Amino acid sequence: MQQKSAYAKKRKRFFAVLLPIFITQISLTATGFFDTVMAGHLSEQDLAGVAVGSNLFLPFFGMFLGIISGLTPVLSNLYGAGKRDKIAPITRQGFYWALALAVFLIVFGVLTAPLVLDALALEPRVEEIARGYLAAIACGLPPIFLAGVLRNFIDAHGKTQLTMHITILTVPFNIFFNYVFMYGAFGVPAFGGVGAGIGSAVAFCGNLVLNILAAARLAPFREYHL
């Protein structure tokens, strides 16, 4: 009975950590979903262009974020072992790696995306929108990768619900800025399907700001002085 009770407690703790991470990952990839859905209200060309751009972007986006997520087990191991003095230096190294990965992915996209789009033989207008969408959302790669480092830093302390709430907030940010840049609002011109990429990039910047505020102001993260 004691063994079953111990397993039940472990399962409860496991899912208490796992579910927020799962929801966080869903929220991160929701940008492509809302970009495509909102583009569908513009025109067939905008829908097709954003759909193509999003499907080219998301696999590499997820893969590179997965590389950054390798920080979580490293930092959590140090935290559990009481070696907290090593957490800040490794996290700072993570910032450098995140920026390097972002730059690499942008350069890779600049070199390969035109070749892929040409091979797809899209309509000229659809290809133009897809190119513009990819160029715009690529500007959000450095901030969202840096935010990924902070998210893993926070997760390593077992505060996965905090990062879940931060990432969930990114979704309405994305929808709002998509509306502003796609349809034109508050004096901003309408960019059509390309505006979905701009809106997502701005939302990624917002995600970074929220993670910075959490790491700088909340205990125990502020004690590391990242």
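Attention in this report is confined to the structure presented alongside it.

As for the environment of Asn 55
Phase 1 of the analysis: Position of Asn 55 relative to the elements: it lies in helix H2 (residues 44-68).
Phase 2 of the analysis: As a C-alpha pair, Asn 55 and Gly 32 span 23 residues in sequence and 7.8 Å in three-dimensional space.
Phase 3 of the analysis: Only 2.6 Å separates the side chain of Asn 55 from the backbone oxygen of Ala 51, close enough to count as a polar contact.

Some remarks on the side chain of Asn 152
Phase 1 of the analysis: By the secondary structure assignment, Asn 152 is in helix H6 (residues 141-155).
Phase 2 of the analysis: Excluding anything up to four places from it in sequence, Asn 152 contacts Ile 68, Ser 69, Leu 71, Thr 72 and Leu 75.

Remarks on the nonpolar core
Phase 1 of the analysis: Of all hydrophobic cores here, the largest spans 47 residues; its most connected members are Phe 57, Phe 61, Ile 68, Leu 141, Ile 144, Phe 145 and Phe 153.
Phase 2 of the analysis: Counting residues per element, the ones that place at least two in this core are helix H1 (2-39), H2, helix H3 (71-80), helix H4 (87-120), helix H5 (124-138), H6, helix H7 (160-184) and helix H8 (194-217).

Section: H7
Phase 1 of the analysis: Under the 1.5 Å per step criterion, the end-to-end length of H7 is 36 Å for 25 residues, consistent within 8% with the ideal 36 Å.
Phase 2 of the analysis: Within the span of H7, buried status applies to Thr 160, Thr 163, Met 164, Ile 166, Thr 167, Thr 170, Val 171, Asn 174, Asn 178, Val 180, Phe 181 and Met 182.
Phase 3 of the analysis: Of the residues trailing H7, Phe 186 is marked for its positive phi of about 55 degrees.

Some details on the pattern of salt bridges
Phase 1 of the analysis: Following the criterion strictly, the structure yields three salt bridges and no others.
Phase 2 of the analysis: A salt bridge links Arg 131 to Asp 118, with the shortest nitrogen-to-oxygen separation between them at 3.2 Å. Here Arg 131, found in helix H5, pairs with Asp 118, found in helix H4; they are 13 residues apart in sequence, far enough to count as distant.
Phase 3 of the analysis: Here Asp 118 falls in the partly exposed class, since its relative accessible area comes to 47%.

Remarks on H5
Phase 1 of the analysis: With 15 residues, H5 extends 21 Å between its outermost C-alpha atoms, agreeing within 8% with the 21 Å of an ideal straight helix rising 1.5 Å per residue.
Phase 2 of the analysis: Three or more residues of H5 are buried, namely Val 126, Glu 127, Ile 129, Ala 130, Gly 132, Tyr 133, Leu 134, Ala 136, Ile 137 and Ala 138.

A few points about the packing of H4 against H6
Phase 1 of the analysis: Viewed as axis vectors pointing N to C, H4 and H6 meet at an angle of 150 degrees, and their least axial separation amounts to 8 Å. When the axes of H4 and H6 are compared, the pair comes out roughly antiparallel. For H4 against H6, the interelement crossing comes out right-handed. Side by side, H4 and H6 meet where Ile 87, Thr 91, Gly 94, Phe 95, Ala 98, Leu 99, Leu 101, Ala 102, Leu 105 and Ile 106 of the first sit next to Leu 141, Pro 142, Phe 145, Leu 146, Val 149, Leu 150 and Phe 153 of the second.
Phase 2 of the analysis: Of the residues in the contact of H4 with H6, the class split is 15 nonpolar, two polar and no charged.

Some points on unusual backbone geometry
Phase 1 of the analysis: Residue Pro 220 is reached from Ala 219 by a cis peptide bond, and omega for that bond is 5 degrees.
Phase 2 of the analysis: Inspection of the secondary structure puts Pro 220 in the segment after H8.
Phase 3 of the analysis: In this structure, Ala 121 takes a positive phi of about 50 degrees despite not being glycine.
Phase 4 of the analysis: If you trace the backbone, Ala 121 turns up in the loop between H4 and H5.
Phase 5 of the analysis: Exposure remark for Ala 121: the relative accessible area of 63% places this residue in the exposed category.
Phase 6 of the analysis: Even without being a glycine, Phe 186 presents a positive backbone phi close to 55 degrees.

Criteria and cut-off values
- Residues numbered from 1 in each chain as written.
- Predicted model: local features only at pLDDT ≥ 70, side-chain atom pairs only at ≥ 80, totals over all residues.
- Heavy atoms only, no water.
- Helix = DSSP H or I, 4+ residues; strand = E, 2+ residues; numbered from the N terminus.
- Polar contact = N/O pair within 3.5 Å; in protein donor to acceptor, adjacent residues only side chain to side chain.
- Contact = heavy atoms within 4.5 Å.
- Core = buried A, V, L, I, M, F, W, Y, C linked by side-chain atoms within 4.5 Å.
- Buried < 20%, exposed > 50% of the residue type's maximum accessible area, 1.4 Å probe, protein only.
- Expected span 1.5 Å × (residues − 1).
- Salt bridge = Lys/Arg side-chain N within 4 Å of Asp/Glu carboxyl O.
- Axes fitted to C-alpha atoms, helices over the stretch in contact; angles between N-to-C directions.
- Parallel < 35°, antiparallel > 145°, perpendicular 65-115°, else oblique.
- Left-handed = near helix turned anticlockwise from the far one by under 90°.
- Nonpolar A, V, L, I, M, F, W, Y, C, P; charged D, E, K, R; others polar.

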